[in-house]
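# Structure at a glance
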Amino acid sequence: MPENYAIEMIGITKRFPGVLANDGITLRVRENEVLALLGENGAGKSTLMSILFGSYDADSGTIRIRSKEVRIKNPNVATDLGIGMVHQHFKLVENYTVAENIVLGREPRTKFGTFDLAAARKEVLELSERYGLKVNPDDKIEDITVGMQQRVEILKVLYRRADIIIFDEPTAVLTPQEIDELLETIRLLKAQGKTIVLITHKLKEIKAVADRCAVLRHGKLIDTVNVADTDEGRLAELMVGRAVNFEIEKKPAKIGSVVLKVENLCVKNARGILAVNNLNMEVRSGEILGIAGVDGNGQSELLYALTGLSKVQSGKIFLNGEDITNSSIRHRIERGICCVPEDRKRFALVSEFDVGENSALKNYYDARYTRNKIFLNKAAMHENGEKMISAFDIRAGQGAATLAGSMSGGNQQKVIIAREIELNGPFLIFAQPTRGLDVGAIEYIRRRIVAERDAGKAVLLVSFELDEIMNLCDRIATISKGAIVGTHNAGEVSEREIGLMMGS
């Protein structure tokens, strides 16, 4: 009996300057299944699905939707074919309401031809109820959480009556609780007859919801396997072409003197509400201190205060004994605060700059990057970028001349980590360093973090991934409501105990 396919992509090839993103891929997705699309950063997953959604045009190949050959020239054609895509980086208008965003471009009209807001609100509420995606249609996007914004993206797709839904790295910016809710939504969508393609790096999520898993490597389809018959280790091996060690081995810590000291720190958030509340902590050389907590408990504001992005209301910050509470950002960088921030696009990279230019963002004024202390020396920047590419296994099609915005998320993250480590400061902050990355990149980055600790650096790790905190850290500080509610040595506290403190 012939297979009943919702999607057939046959011989798809797509080239970008210096990169063969998709190399003759043939992918078939059955009706009413959840197919996971797995691969390293830069393997071609998002490119392939962007072709299916009409954002890119394939150089060659054929697409069939339910056995009918189609030409998907743009996303409007895809929408008319019943294909929807929930993008990794949300496509929302921040000062519009939830309802306005969901119906944007396909607004209901009154008999006079004007926008019928009441009808839009009603339909949004009905969709929200039907799929268990509770939203307030009157909330503005700028006022709701990331998890809630993702619900809006899903409802946008459902409002357009999509029965084939692509999720592109949907859990990359979600908390553990939001991830559980999303996976339940995917199960519900499948139960209601939808066909799902799930692009993800997270093997646990694949095991939780996917029926089959297609694995891409370097732009080629390596294999398609039944998830029930394949363990996480085998999936990881298919993805990176070698066995992956999920547990990072590390030597006992050689803890030295206090590098960073925070005393009674209070910091307000963007709304003027106290987000960090009399927080105290110390980070010593030769150790990794992990901050564990649910998103929104003051982690971001703490990091903004440490790096100089936010003003301190009260309290003190000391770096190697020097009071830097009111110091400028440049002074902190020159004193050795290195930071891999949680939002790489906002705070760490200039997408329009190439790798070489991004490698010198924090010390572009240094003598080696200037001529006569006046003109920037782009050649020196590119030379430094090439060194970073080689040392940190960065995949950049055009070398140091590659634009940062054209690279995969994992390779962007490696550029940032390379730059911060190369600055060679005594104190490193890693905020969500492996968010949205594949297992190969995660393994690599975790090893680099441990290597910095072994080199005598003081490392502060902020992560929502409890297994990352438990695996890497020498001490674990749990944050709740802007304060540290408990600090324990690794091995002396369980995930369950940390979870209880996180909710205190």
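Here the structure is a predicted model, which is why all the values come from computation and not from measurement.

With that out of the way, let us pick up the overall build of the protein. The helix and strand tally for the protein stands at 17 helices and 22 strands. Taken against the 2.2 N^0.38 rule, which gives 23 Å for 504 residues, the C-alpha radius of gyration of the protein at 24 Å falls within 12% of a compact globule. Counting only C-alpha atoms and orienting by the principal axes, one finds that the protein spans roughly 70 × 50 × 50 Å. Within the protein, the proportion of its 504 residues that are buried is 52%. Sequence separation of at least 24 residues holds for 67% of the intrachain contacts in the protein that already meet a minimum separation of 6. Just so you have it, the protein exposes about 22300 Å², and 47% of that area is on carbon and sulfur atoms.

Considering all chains together, one arrives at 34 salt bridges under this definition. A salt bridge links K202 to E205; the nearest nitrogen and oxygen atoms lie 4.0 Å apart. The exposure class assigned to E205 is buried, which follows from its relative accessible area of 5%. For E383, the salt bridge is made with K387, and the minimal N-O distance between the two is 3.9 Å. You can see E383 and its partner K387 sitting in helix α13 (residues 378-391), 4 residues apart, about one turn around the helix. Residue K387 is classed as exposed on the basis of its relative accessible area of 54%.

Of all 8 residues in helix α1 (residues 45-52), 7 are buried, a share of seventy percent or more. One or two residues past the end of α1 sits G54, with phi positive at roughly 90°.

Strand order in the open sheet formed by 6 strands is β6-β7-β8-β3-β9-β10, and the pairing between neighbours is mixed. With one partner strand each, in any of the chains shown, β6 (83-86) and β10 (220-226) form the two edges of the open sheet. Each strand axis lies, on average, 20° off the axis of its neighbour in the sheet, ignoring direction. Two strands pair when backbone bridges link them, and strand β9 (residues 212-217) and β10 are joined in this way by 6 bridges, in the antiparallel orientation. Each bridged residue has a counterpart across the sheet, and for A214 the counterpart in β10 is T224. Sheet contacts for α1: β3 (34-39), β6, β7 (164-168), β8 (195-199) and β9; angle to β3, the most-contacted strand, approximately 135°.

Counting 48 residues, the largest nonpolar core has L158, I165, F167, I206 and C213 as the members making the most contacts within it. Per element, the largest residue contribution to this core is 6 residues, and it comes from helix α5 (residues 146-159).

Moving on: the layout of surface pockets. In this structure, the largest pocket occupies an estimated 1800 Å³ of space. Considering the residues around the largest pocket, the lining is formed by 44 residues, among which V146, Q149, D295, D343 and R346 are closest to the centre. Of all the elements in the fold, those that place two or more residues in the lining of the largest pocket are α5, β12 (274-284), α9 (299-307) and α11 (344-347). Here the second largest pocket defines a volume of roughly 1300 Å³. Considering the residues around the second largest pocket, the lining is formed by 45 residues, among which G42, T47, S406, M407 and S408 are closest to the centre.

Next up on the list: helix α8 (residues 232-240). Residue pairs three or four apart in sequence face the same way in an α-helix, which turns once every 3.6 residues. Looking at α8, one finds that the buried residues are L235, A236, L238, M239 and V240. In the core, the buried residues of α8 are packed alongside β3, α7 (203-209), β9, β10 and α15 (439-454). You can read the cap of α8 off the contacts: a side-chain oxygen lies 3.3 Å from the backbone nitrogen of G233, and it is on D231. Two residues or fewer past α8, G241 is found with a positive phi of approximately 80°.

Sheet strands pair by backbone hydrogen bonding; their relative direction is either parallel or antiparallel. Pairing within the open sheet is antiparallel, and its 4 strands lie in the order β12-β11-β14-β15. The open sheet has two edge strands with one neighbour each: β12 and β15 (322-323). When strand β14 (residues 314-319) meets β15, the two strands line up antiparallel, connected through 2 bridges. Of the residues in β15, the one forming a bridge with F318 is D323.

With that settled, the discussion passes to unusual backbone geometry. With the exception of glycine, the majority of residues adopt a negative phi angle, and the majority of peptide bonds are in the trans configuration. The phi dihedral of Q432 is positive, around 45°, even though this residue is not glycine. Tracing the backbone shows Q432 in the loop between β19 (427-431) and α15. Relative accessible area serves as the criterion here: at 5%, Q432 is assigned to the buried category. With phi around 55°, K481 is a residue other than glycine that occupies positive phi space. Within the secondary structure layout, K481 lies in the loop between β21 (475-480) and β22 (483-489). Exposure remark for K481: the relative accessible area of 63% places this residue in the exposed category.

Quick notes on the rules
- Residues numbered from 1 in each chain as written.
- Predicted model: local features only at pLDDT ≥ 70, side-chain atom pairs only at ≥ 80, totals over all residues.
- Heavy atoms only, no water.
- Helix = DSSP H or I, 4+ residues; strand = E, 2+ residues; numbered from the N terminus.
- Rg over C-alpha atoms; globule rule 2.2 N^0.38 Å.
- Buried < 20%, exposed > 50% of the residue type's maximum accessible area, 1.4 Å probe, protein only.
- Contact = heavy atoms within 4.5 Å.
- Areas by Shrake-Rupley, 256 points an atom, 1.4 Å probe, with all protein chains shown as cover.
- Salt bridge = Lys/Arg side-chain N within 4 Å of Asp/Glu carboxyl O.
- Pairing = 2+ DSSP bridges.
- Axes fitted to C-alpha atoms, helices over the stretch in contact; angles between N-to-C directions.
- Core = buried A, V, L, I, M, F, W, Y, C linked by side-chain atoms within 4.5 Å.
- 1 Å grid on protein atoms, 1.4 Å probe; cavity = no way out; pocket = protein on both sides within 12 Å on 5 of 7 lines; lining within 4 Å.
- Points joined across faces, edges and corners; volume = space filled by probe spheres on them.
- Polar contact = N/O pair within 3.5 Å; in protein donor to acceptor, adjacent residues only side chain to side chain.

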